[in-house]
Amino acid sequence: MIKRYYVRTRSLQEGMTIDQNIKDRMDRVLIARGTSLNAYLIEGLQKLGIGGVYIREGEEEPEPEPEKEPQEKPVSALARNNIAKYRTPDPSKVQLTESVKKRVSEGIQYLYNNSDSESFADTTNSITNDLMKAIQDNDAIAVDINALKTSDEYTFKHSVDVATMSMIIAKKQGLKKNEIYNIGIAGLLHDMGKAKIPSEILNKPARLSDEEFSIMKQHSVLGYNILKEKNDFTTAISLAVLQHHEKMNGAGYPLGVKSDKISPYAKILSVADVYDALVTERPYKKSFSQRTAVEMIMSMTDELDINAMRSFLNSVILYPVDSVVQLSNGEEARVVKNNESSVLRPTVVGLTSGIVYDLTNDINCANIIIL
């Protein structure tokens, strides 16, 4: 089995196998994917100013056989009529074009590899402008994180996910544009302190020991210090970075403060941060399904801010309209409407029976769930 992870250039060691092509400005390959690094190549990467590269361990797995085209589900005439009758399009979701994804991915990688750069604030603003424009262009009020993927590297992808979800939550709460923008910056930079964490801890492909976790928990303070030293970011942004792991019941870190001492931005970041961590697979844990993650979020009323949680639940879309789901009564159904107040229970139409199941409002559907 092959493992792929990101290593800063300064932490590269001879014998590591690079898992990407390194190209010059003419798009010529300087170091080919699969090359075993030596001292000369590592020095060359450093001279090129490349902050980090992807490394792989293990053998390449054989190419999987192409998947067969899924057969169209048979739909009864009554079902077709009711689908057309009750279908209500989902709210506009955040959409990033491939060019924006590439720009955002490169920008966030630059930030985490060049935290001392003079262009740090400009790069941060450039990324946030891209995300803000994506939200404003289609008046997005919902998010589907499956469509956001900007990078294979967890820290970078996670930062963009948290920033985007936090901006949508803030918009849902009716915050002003400048506040939504600032929350986006805080989301992008919330894990910036990890740039100062030793790579052997940050990239460890297993669960951290108690001692290692204590070091990892310092990233909140380290990130706060990075921003405070720059004088380019508001106190609200810096405080959100410091407090994004605080809990409403005082069980968080690094300060262990309770709800009234936690900044509003941090309360929003915390919900987005927890959700994205739950649904993302890591070397030491499997990802939870979106449904399970939402249920876990809903159970954390003593840890997460209830208003931020409610705005999140009203923003995330688990079952997009037109998707096919399996009901607990044995029938397959097509989603025709999402109910804002009940993310787990949309309105669906049985493909065979044509029955309309309003899982939120119809008492007769109370014992039916989506599997």
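Remember, it's a predicted structure, so these values are computed and weren't measured experimentally.

1. Observations regarding the sheet that holds strand β5 (residues 52-57)
Each strand in a sheet pairs with another by means of backbone hydrogen bonds, the pair being arranged parallel or else antiparallel. Reading across from one edge, β1-β5-β2 is the order of the three strands in this open sheet, with antiparallel pairing throughout. Two strands close off the open sheet at either side, each with one partner strand: β1 (3-8) and β2 (17-18). Examined bridge by bridge, β1 and β5 share six bridges and lie antiparallel to one another. Its bridge partner lying in β5, Tyr 6 is registered against Tyr 54. Packed onto the sheet, helix α3 (residues 98-113) meets β1 and β5 and runs at close to 55° relative to β1.

2. A look at the pairing of strand β8 (residues 347-350)
Burial of the side chains of β8 extends over both faces: Thr 347 and Val 349 are buried on one face and Val 348 and Gly 350 on the other. Relative to β8, strand β7 (residues 332-337) runs antiparallel, the two being bridged by four bridges. If you follow Ala 333 over to β8, its bridge partner there is Gly 350. Taken together, β8 and the strand that follows it, strand β9 (residues 356-358), pair antiparallel across an intervening segment of five residues, in which Gly 354 is found at a positive phi of about 80°.

3. Re the sheet that holds β7
Spatial strand order, β6-β7-β8-β9: four strands in an open sheet with antiparallel pairing. Sheet topology places β6 (324-326) and β9 at the edges, where each strand pairs with a single neighbour. Between one strand axis and the next, the sheet turns by 40° as a mean value, whatever way the strands run. Relative to β9, β8 runs antiparallel, the two sharing three bridges. Along β9, the bridge assignment pairs Val 349 with Val 356.

4. Looking at helix α10 (residues 235-243)
What α10 keeps buried is the set Ile 237, Ser 238, Ala 240, Val 241, Leu 242 and Gln 243. Tucked inside the fold, the buried residues of α10 contact α6 (177-189), α9 (219-230) and α11 (264-279).

5. Points about the pattern of salt bridges
With the rule as written, the count across this model stands at 13 salt bridges. Where Glu 340 meets Lys 172, a salt bridge forms, and the shortest distance between an N and an O atom there is 2.9 Å. One end of the pair, Glu 340, is in the loop between β7 and β8; the other, Lys 172, is in helix α5 (residues 154-172), with 168 residues separating them in the sequence. With a relative accessible area of 25%, Lys 172 lands in the partly exposed category. Across the pair Arg 291 and Glu 295 runs a salt bridge whose closest N-O atoms are separated by 3.3 Å. Taken together, the residues Arg 291 and Glu 295, both in helix α12 (residues 290-298) and four residues apart, mark about one turn of the helix. For Glu 295, a relative accessible area of 34% corresponds to the partly exposed category.

6. Concerning the environment of Asn 138
On the secondary structure map, Asn 138 appears in the loop between α4 (120-137) and α5. Exposure remark for Asn 138: the relative accessible area of 23% places this residue in the partly exposed category. Along the chain, Asn 138 and Val 94 lie 44 residues apart, while their C-alpha atoms are 7.6 Å from each other. Contact partners of Asn 138, with chain neighbours within four places excluded, come to Ser 92, Lys 93 and Gln 95.

7. Here's the deal with the side chain of Thr 124
Relative to the assigned elements, Thr 124 resides in helix α4. If we ignore the near neighbours within four places in the chain, the residues touching Thr 124 are Leu 111, Ile 185, Leu 188, Leu 189 and Phe 233.

8. Notes on the environment of Phe 156
Within the secondary structure layout, Phe 156 lies in helix α5. Along the chain, Phe 156 and Ser 259 lie 103 residues apart, while their C-alpha atoms are 28 Å from each other.

9. Quick look at the packing of α9 against α10
Where α9 contacts α10, the axes come no closer than 7 Å and their chain directions differ by 160°. Comparing the axis directions of α9 and α10 gives the class roughly antiparallel. Every pair of crossing elements has a handedness; the one defined by α9 and α10 is right-handed. In this structure, α9 uses Ser 220, Val 221, Gly 223, Tyr 224, Leu 227 and Lys 228 to contact α10, whose residues at the interface are Thr 235, Ile 237, Ser 238, Leu 239, Val 241 and Leu 242. Classifying every residue of the contact of α9 with α10 gives seven nonpolar, four polar and one charged.

10. Concerning the packing of aromatic side chains
Any aromatic ring pair is given by two values, namely how distant the centres are and how the planes are angled relative to each other. Summed over the entire model, instances satisfying the criterion amount to three aromatic pairs. Measuring from ring centre to ring centre gives 6.1 Å for Phe 120 and Phe 233, while their planes differ by 90°; the resulting arrangement is edge-to-face. Of this pair, Phe 120 sits in helix α4 while Phe 233 sits in the loop between α9 and α10; the two residues are 113 residues apart in sequence, bridging distant segments of the chain. For the pair formed by Phe 120 and Phe 233, the shared burial category is buried.

How each quantity is defined
- Residues numbered from 1 in each chain as written.
- Predicted model: local features only at pLDDT ≥ 70, side-chain atom pairs only at ≥ 80, totals over all residues.
- Heavy atoms only, no water.
- Pairing = 2+ DSSP bridges.
- Helix = DSSP H or I, 4+ residues; strand = E, 2+ residues; numbered from the N terminus.
- Contact = heavy atoms within 4.5 Å.
- Axes fitted to C-alpha atoms, helices over the stretch in contact; angles between N-to-C directions.
- Buried < 20%, exposed > 50% of the residue type's maximum accessible area, 1.4 Å probe, protein only.
- Salt bridge = Lys/Arg side-chain N within 4 Å of Asp/Glu carboxyl O.
- Parallel < 35°, antiparallel > 145°, perpendicular 65-115°, else oblique.
- Left-handed = near helix turned anticlockwise from the far one by under 90°.
- Nonpolar A, V, L, I, M, F, W, Y, C, P; charged D, E, K, R; others polar.
- Phe/Tyr/Trp six-rings, centres within 6.5 Å; stacked < 30°, edge-to-face > 60°.

Nothing here speaks to function; it is geometry throughout.
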